Amino acid sequence: MFGDLSGMMGKLQDAQKKVEETKQRLNTVLVDQQSNDGLLKTTLTANRTIKSITISDELLEDKEQLEDYLILTLNKAIEKATAINEAELAAAAKDGMPNIPGMDMFK
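Residues numbered from 1 in each chain as written. Predicted model: local features only at pLDDT ≥ 70, side-chain atom pairs only at ≥ 80, totals over all residues. Heavy atoms only, no water.

Q: Hey, could you run me through the pattern of salt bridges in this one?
A: Side chains that carry opposite charge are capable of pairing whenever their charged atoms lie near each other. Applying the stated rule across the entire model yields three salt bridges. When the shortest N-O distance is used, the salt bridge between E20 and K23 registers 3.6 Å. On the criterion of helical spacing, the pair formed by E20 and K23 is a turn pair, its members being three residues apart in helix α1 (residues 2-26). By relative accessible area, K23 is classed as partly exposed at 34%. We note a salt bridge from K63 to E67, for which the minimum N-O separation is 2.7 Å. Residue K63 and its partner E67 are located together in helix α2 (residues 63-96), separated by four residues, close to a single helical turn. Looking at K63, the relative accessible area reads 61%, which means it is exposed. Taking the relative accessible area as the measure of exposure, E67 reaches 35% and is therefore partly exposed. (Salt bridge = Lys/Arg side-chain N within 4 Å of Asp/Glu carboxyl O. Helix = DSSP H or I, 4+ residues; strand = E, 2+ residues; numbered from the N terminus. Buried < 20%, exposed > 50% of the residue type's maximum accessible area, 1.4 Å probe, protein only.)

This is the structure in C-alpha coordinates:
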(Lines give C-alpha, C1' and ligand atoms only; values in the text may rest on other atoms or scores of the structure.)
Protein backbone atom coordinates (compact mmCIF):
# COMPACT_ATOMS: atom_id res chain seq x y z
CA MET A 1 0.00 0.00 0.00
CA PHE A 2 2.68 2.50 0.97
CA GLY A 3 4.70 1.72 -2.14
CA ASP A 4 1.72 2.63 -4.30
CA LEU A 5 1.07 5.76 -2.28
CA SER A 6 4.71 6.77 -2.56
CA GLY A 7 4.64 6.20 -6.31
CA MET A 8 1.49 8.29 -6.66
CA MET A 9 3.02 11.12 -4.65
CA GLY A 10 6.06 11.04 -6.90
CA LYS A 11 3.84 11.21 -9.99
CA LEU A 12 1.89 14.11 -8.51
CA GLN A 13 5.15 15.96 -7.86
CA ASP A 14 6.21 15.25 -11.45
CA ALA A 15 2.87 16.61 -12.68
CA GLN A 16 3.31 19.75 -10.60
CA LYS A 17 6.82 20.19 -12.00
CA LYS A 18 5.53 19.79 -15.59
CA VAL A 19 2.83 22.39 -14.96
CA GLU A 20 5.38 24.85 -13.56
CA GLU A 21 7.70 24.24 -16.53
CA THR A 22 4.79 24.80 -18.90
CA LYS A 23 3.91 28.07 -17.16
CA GLN A 24 7.47 29.26 -17.64
CA ARG A 25 7.48 28.19 -21.31
CA LEU A 26 4.20 30.03 -21.91
CA ASN A 27 6.03 33.26 -21.06
CA THR A 28 7.86 32.80 -24.36
CA VAL A 29 4.81 31.95 -26.49
CA LEU A 30 3.66 35.16 -28.18
CA VAL A 31 0.12 35.91 -29.33
CA ASP A 32 -0.26 38.67 -31.93
CA GLN A 33 -3.57 40.39 -32.54
CA GLN A 34 -4.47 43.40 -34.63
CA SER A 35 -7.59 45.38 -35.38
CA ASN A 36 -9.40 44.51 -38.62
CA ASP A 37 -7.90 47.53 -40.37
CA GLY A 38 -4.43 47.08 -38.87
CA LEU A 39 -4.40 50.43 -37.06
CA LEU A 40 -3.74 48.81 -33.68
CA LYS A 41 -1.48 45.81 -33.00
CA THR A 42 -0.83 44.00 -29.74
CA THR A 43 1.44 41.21 -28.61
CA LEU A 44 0.82 39.19 -25.44
CA THR A 45 2.42 36.12 -23.94
CA ALA A 46 0.30 33.00 -23.54
CA ASN A 47 0.37 33.89 -19.82
CA ARG A 48 -1.53 37.06 -20.75
CA THR A 49 1.23 39.59 -20.18
CA ILE A 50 1.16 42.49 -22.63
CA LYS A 51 4.50 42.76 -24.44
CA SER A 52 3.75 45.50 -26.97
CA ILE A 53 1.08 47.77 -28.36
CA THR A 54 1.52 49.60 -31.66
CA ILE A 55 -0.91 52.43 -32.40
CA SER A 56 -1.36 54.15 -35.76
CA ASP A 57 -1.03 57.95 -35.70
CA GLU A 58 -4.55 58.08 -37.14
CA LEU A 59 -5.96 56.60 -33.93
CA LEU A 60 -4.15 59.14 -31.76
CA GLU A 61 -6.45 61.85 -33.10
CA ASP A 62 -9.62 60.32 -31.58
CA LYS A 63 -9.47 59.29 -27.90
CA GLU A 64 -12.78 57.41 -27.89
CA GLN A 65 -11.94 55.49 -31.04
CA LEU A 66 -8.54 54.56 -29.61
CA GLU A 67 -10.15 53.33 -26.39
CA ASP A 68 -12.61 51.20 -28.39
CA TYR A 69 -9.80 49.74 -30.48
CA LEU A 70 -7.76 48.92 -27.37
CA ILE A 71 -10.68 47.18 -25.67
CA LEU A 72 -11.65 45.10 -28.71
CA THR A 73 -8.14 44.15 -29.77
CA LEU A 74 -6.84 43.38 -26.28
CA ASN A 75 -9.91 41.28 -25.47
CA LYS A 76 -9.39 39.21 -28.64
CA ALA A 77 -5.72 38.73 -27.79
CA ILE A 78 -6.55 37.74 -24.21
CA GLU A 79 -9.08 35.18 -25.48
CA LYS A 80 -6.46 33.61 -27.75
CA ALA A 81 -3.81 33.62 -25.03
CA THR A 82 -6.21 32.10 -22.50
CA ALA A 83 -7.17 29.29 -24.88
CA ILE A 84 -3.49 28.43 -25.47
CA ASN A 85 -2.71 28.71 -21.75
CA GLU A 86 -5.55 26.45 -20.65
CA ALA A 87 -4.88 23.82 -23.31
CA GLU A 88 -1.16 23.65 -22.54
CA LEU A 89 -1.60 23.51 -18.75
CA ALA A 90 -4.32 20.84 -19.02
CA ALA A 91 -2.08 18.74 -21.25
CA ALA A 92 0.86 19.11 -18.86
CA ALA A 93 -1.28 18.18 -15.85
CA LYS A 94 -2.88 15.21 -17.61
CA ASP A 95 0.47 13.80 -18.75
CA GLY A 96 1.83 13.78 -15.23
CA MET A 97 -1.21 12.57 -13.31
CA PRO A 98 -1.08 9.09 -11.79
CA ASN A 99 -3.78 6.65 -12.87
CA ILE A 100 -6.13 6.67 -9.88
CA PRO A 101 -9.23 4.51 -10.39
CA GLY A 102 -12.41 6.61 -10.30
CA MET A 103 -10.52 9.86 -10.79
CA ASP A 104 -10.95 10.38 -14.55
CA MET A 105 -10.83 14.18 -14.33
CA PHE A 106 -9.25 14.79 -17.73
CA LYS A 107 -11.41 12.80 -20.15
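Picking up after the structure, the text goes on.
Q: Can you walk me through unusual backbone geometry in this structure?
A: Among all residues save glycine, negative phi is the norm, and among peptide bonds the norm is trans. One non-glycine residue, R48, adopts positive backbone phi at about 70°. By the secondary structure assignment, R48 is in the loop between β2 (40-45) and β3 (50-55). For R48, a relative accessible area of 38% corresponds to the partly exposed category.

Q: Explain the sheet that holds β3 to me, please; I cannot follow it from the model alone.
A: Hydrogen bonding along the main chain pairs the strands of a sheet, whether they run parallel or antiparallel. Taken in spatial order, the three strands line up as β1-β2-β3 in an open sheet, and their pairing is antiparallel. Unpaired on one side and paired on the other, β1 (30-34) and β3 mark the two borders of the sheet. The mean inter-strand angle of the sheet, taken between neighbouring strand axes irrespective of direction, is 10°. (Pairing = 2+ DSSP bridges. Axes fitted to C-alpha atoms, helices over the stretch in contact; angles between N-to-C directions.)

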